[in-house]
Amino acid sequence: MELAGKRIVLGVTGGIAAYKAAELVRLLRAEGASVQVVMSDAATHFVTPVTFQALSGKPVFSDQWDPRVASNMAHIDLSREAHTLLVAPASADFLAKLAHGLADDLLSTLALARDCPLLVAPAMNRQMWENPATRRNVATLRGDGVVILGPASGDQACGESGPGRMLEPAEIVAELVAHFQPKRLAGRRVLLTAGPTFEAIDPVRGITNLSSGRMGYAIARAAREAGAEVTLVSGPVSLACPPGVTRVPVTSALEMHAAVHRHVRDADVFVAVAAVADYRPARPLTEKIKKGGQAQAPTIDLVLNPDILAEVAALPDPPLCVGFAAESERLAEYAESKRRSKKIPLIAGNLIQDGFAGDSNRLILFDDEGQHPLPPASKLQLARQLVERIGQLLERRR
Ligand code: C5P
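Quick summary incoming for the structure in this document. (Residues numbered from 1 in each chain as written. Predicted model: local features only at pLDDT ≥ 70, side-chain atom pairs only at ≥ 80, totals over all residues. Heavy atoms only, no water.)

Here's the deal with the overall build of the chain
- Helices and strands together make up the secondary structure of the chain, namely 15 helices and 21 strands.
- Expressed as lengths along the three principal axes of its C-alpha atoms, the size of the chain is roughly 85 × 55 × 40 Å.
- Counting the 398 residues in the chain, one finds 47% classified as buried.
- Across the chain, every contact between residues at least 6 apart in sequence was considered, and the portion connecting residues at least 24 apart equals 67%.
- With an accessible surface of roughly 19,100 Å², the chain has 52% of that area assigned to carbon and sulfur atoms. (Helix = DSSP H or I, 4+ residues; strand = E, 2+ residues; numbered from the N terminus. Buried < 20%, exposed > 50% of the residue type's maximum accessible area, 1.4 Å probe, protein only. Contact = heavy atoms within 4.5 Å. Areas by Shrake-Rupley, 256 points an atom, 1.4 Å probe, with all protein chains shown as cover.)

Description of the site of the ligand
- Taken together, the residues surrounding the ligand are Ala272, Val273, Ala274, Val276, Pro306, Asp307, Ile308, Leu309, Gly323, Phe324, Lys338 and Lys342.
- With respect to the ligand, the backbone of Ala272 contributes an N or O atom lying 2.6 Å from an oxygen atom.
- Residue Ile308 places a main-chain N or O atom 3.0 Å away from a nitrogen atom belonging to the ligand.
- Relative to its unbound accessible area of 450 Å², the ligand is 84% covered by the protein chains.
- If you list the elements that add at least two residues to the shell around the ligand, you get helix 12 (308–313) and strand 16 (320–327).
- Here the shell around the ligand is composed, by residue class, of 8 nonpolar, 1 polar and 3 charged. (Near = heavy atom within 4 Å. Polar contact = N/O pair within 3.5 Å; in protein donor to acceptor, adjacent residues only side chain to side chain. Nonpolar A, V, L, I, M, F, W, Y, C, P; charged D, E, K, R; others polar.)

Regarding the pairing of strand 7 (residues 161–165)
- Sheet topology note: the strand 6 (residues 152–155)/strand 7 ladder contains 4 bridges and is antiparallel. By the bridge assignment for strand 7, Ser153 is matched with Pro163. (Pairing = 2+ DSSP bridges.)

Observations regarding the packing of aromatic side chains
- Considering all chains together, one arrives at 0 aromatic pairs under this definition.
- Across from the ring centre of Phe180, 4.8 Å away, lies the NZ or CZ of Lys6, which sits over that ring. (Phe/Tyr/Trp six-rings, centres within 6.5 Å; stacked < 30°, edge-to-face > 60°. Lys NZ or Arg CZ within 6 Å of the ring centre and 35° of its normal.)

Some words on the side chain of Gln36
- Counting through the fold element by element, Gln36 comes out in strand 2 (residues 34–39).
- Taking the relative accessible area as the measure of exposure, Gln36 reaches 11% and is therefore buried.
- A distance of 2.9 Å separates a polar side-chain atom of Gln36 from the backbone oxygen of Pro59.
- Setting aside chain neighbours within four positions, we find Gln36 in contact with Ile8, Val9, Leu10, Lys58, Pro59, Val60, Phe61 and Leu78.

Quick look at the packing of helix 10 (residues 214–225) against helix 15 (residues 379–397)
- For the pair helix 10 and helix 15, interaxial distance at closest approach is 8 Å and the crossing angle is 55°. Compared by their axis directions, helix 10 and helix 15 come out oblique. Considering how the two elements wind past one another, helix 10 and helix 15 form a crossing that is right-handed. Each of Arg214, Met215, Ala218, Ile219, Arg221, Ala222, Ala223 and Glu225 in helix 10 lies in contact with helix 15, whose residues at this interface are Lys379, Leu380, Leu382, Ala383, Arg384, Leu386 and Val387.
- For the contact of helix 10 with helix 15, the per-class residue count stands at 10 nonpolar, no polar and 5 charged. (Axes fitted to C-alpha atoms, helices over the stretch in contact; angles between N-to-C directions. Parallel < 35°, antiparallel > 145°, perpendicular 65-115°, else oblique. Left-handed = near helix turned anticlockwise from the far one by under 90°.)

Focus on helix 13 (residues 331–341)
- Every buried residue of helix 13 is accounted for by Leu331, Ala335, Glu336 and Arg339. Down the axis of helix 13, the smallest arc covering the buried residues is 110°, so these residues share one side. Turned more than 90 degrees away from the buried face of helix 13, the exposed residues are Arg340 and Ser341.
- Packing partners of the buried residues in helix 13 comprise strand 16, strand 17 (346–351) and strand 19 (364–367).
- Immediately beyond the C-terminal end of helix 13, within one or two residues, lies Lys343, with a positive phi of roughly 55°. (Arc of directions from axis to C-beta.)

This is the structure:
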């Protein structure tokens, strides 16, 4: 329930993506938001108000002269009740109206009269999106503080392909959730590692581990929500990249090491969450090892991988370094000794049995001020608390 208690006015304007707004209402309500739908006249030609009424559980407004509003001030009443006005899909015509402050129907009047933030998810043909008039309008809206979500690129309803697709409903919800988070890391650059590494033995076999990558991905998302520019160097996992995060996919520890060194110079914060293999086969084979014919099982010589976190912490002007310690016993002792040996200010410790692979976890933060156990929670909630602590430590470094 990421949007519990939030009142959202959802504006739907005319475009084929209006059908996706129905799913959007469902997802917003599933996160605990109450949703008041306001449609432009054109939108009602794509999807009927009955659909939105059924999904939102509220009557839909589209007419400025709706007799159901006693005061005839629907534009004021609706905007004063809302935490956010979200318009999805936002047509090219609606963006043009917004940019010029036109108020010739209920939704545009509401947008002009609002005293809450406005987020819009454009949806239109690629040529319309790239038209200089639309580019101008979007730039004006950005300058006015309107948040533009997307659009995505890809196949379009008109049969063409290019930029202008509305973001998927789940992505819009994620953006809205992010919008409500405190901007603890605004203007900061955060570099993370996440997931396992895979150390090749031969072309089809390797050494890896059961790290799911979920904690690292949750921290990447939380850092992005907090306003940071986030680069996520990720080992092989099957997770979707959090919206707005730049992912650098890698396979082995050496690749992860190289990718981190390519990006670390710009970083204010480095969070090493990856479960990096300590050793790799000394000589990976280019041909597959054959089973037959050998009396003895083959041996694999291993060599030590670089300790990425310790190296970054030892740079001349290092970013704020945060490590992880996943242990199966004596957590406090091992975490604290890791913190000291790697010379890092903050380490997050967890017991493997508490959440190595699942969606929730139990974390204890160790820093110069001692131990801070966080209550058991989802990985995203823990990630937000860790980001909060990182924000505090950054402030103190100034
Ligand atoms: O030494 P240990 O692997 O237990 O330390 C864990 C912490 O160090 C994690 O933050 C992990 O991402 C980081 N690490 C690293 N490079 C390695 C090994 C661990 O960055 N080769």
